[in-house]
Structure formats: structure tokens, C-alpha cells
Amino acid sequence: MPGRHVSRVRALYRLILQLHRVLPPDLKALGDQYVKDEFRRHKAVGSEEAQRFLQEWEMYATVLWQQANENRQNSTEKACFGISLPEEKLNDFRDEQIGQLQELMQEATKPNRQFSMPESTKPKF
């Protein structure tokens, strides 16, 4: 079983980094670093937390894949990536996770980026 789990984690990690190739360069760099840090941070968590971690990243990969395809089909429009987090999901976050999310949002919404984040998708704290 542990070997299968490791294979699943590695495959997901590689998939996410491949999906990031469709992102604008600065967003790709930010996303790649975040993914590397998160996977490293969760290397030694318990089984239940590892399962939830993988499910969340699998959902992220699915959404990113769908958005990349939509952006490819609508090549005349500016690419848009991301989704809003529902309040009930935010309520499940630990304080540390909220802090990480705020840091990520600040980094992603700095001026002079090659992408834009519509007001409706910016998380509200």
C-alpha cells in the first residue's frame, strides 16, 4: 500500500507542475513554488490528512485542466484561472492555512502581473 500511495502522490505532483505550464510565467512560478512547499510540508502527515490533502489537490488539478481547455477554446479572451472559495470551506481552515492563503493572495494580486483576477473571485477575509 505505501508504494501505491507514493506513486499516486508523485503522479499528482508531476501532473500539477505540467498543468502549470499553461499559466502566465509569473503565476506559474508562484504556483510551482507553492505546490513544492505544500507537498514537502505534508510529507509526514497522518493517513487521514494525507487523503484529504490529495483529494483537494486532485480537485485543483481537475479545475485547472478544465480552465486551461476553456481558455484554449476562447483564445481571443484574456485567460482566467481560479475559483472562489465557499465560506464553509474557509471555515474549515486552520489559522495557519488562512495566513498562507492571505500571503498567496497578496503575492498573486501584486500590480504588474501578466494575469488579472476578477473582483468576484478575490477571497474576502
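Residues numbered from 1 in each chain as written. Predicted model: local features only at pLDDT ≥ 70, side-chain atom pairs only at ≥ 80, totals over all residues. Heavy atoms only, no water.

Points about helix H3 (residues 47–73)
Between its terminal C-alpha atoms H3 stretches 39 Å, which fits the 39 Å expected from 27 residues at 1.5 Å a residue. Those residues of H3 not exposed but buried are Ala50, Phe53, Leu54, Trp57, Ala61, Leu64, Gln67, Ala68, Asn69 and Asn71. Summarising the contacts, the buried residues of H3 are in contact with helix H1 (2–19) and helix H2 (25–41). (Helix = DSSP H or I, 4+ residues; strand = E, 2+ residues; numbered from the N terminus. Expected span 1.5 Å × (residues − 1). Buried < 20%, exposed > 50% of the residue type's maximum accessible area, 1.4 Å probe, protein only. Contact = heavy atoms within 4.5 Å.)

What about the pattern of salt bridges?
On inspection of all chains with the given rule, the structure shows 6 salt bridges. One salt bridge in this structure joins aspartate 32 and lysine 28, with 2.6 Å as the shortest N-O distance. Placement of both aspartate 32 and lysine 28 in helix H2 is noted, with a separation of 4 residues, approximately one turn of the helix. A residue is classified by how much of its surface remains accessible, and aspartate 32, at 9% relative accessible area, is buried. What makes lysine 28 partly exposed here is its relative accessible area of 28%. A salt bridge links arginine 41 to glutamate 38, with the nearest nitrogen and oxygen atoms 2.1 Å apart. Of this pair, arginine 41 and glutamate 38 both sit in helix H2, 3 residues apart, which is roughly one turn of the helix. For arginine 41, a relative accessible area of 41% corresponds to the partly exposed category. Here glutamate 38 falls in the buried class, since its relative accessible area comes to 7%. (Salt bridge = Lys/Arg side-chain N within 4 Å of Asp/Glu carboxyl O.)

Some points on the side chain of glutamine 100
Its location among the elements puts glutamine 100 in helix H5 (residues 95–108). Not counting residues up to four positions away in its chain, the partners in contact with glutamine 100 are Tyr34, Glu38 and Arg41.

Some remarks on the confidence of the model for the chain
Low pLDDT means the predicted coordinates in that region are not meant to be read closely. Chain-level pLDDT for the chain is 84 on average; 88% of the residues reach the 70-or-more range. Ranking the helices and strands of the chain by mean pLDDT puts H2 first, with 93, and H5 last, with 85. (pLDDT = per-residue confidence, 0-100.)

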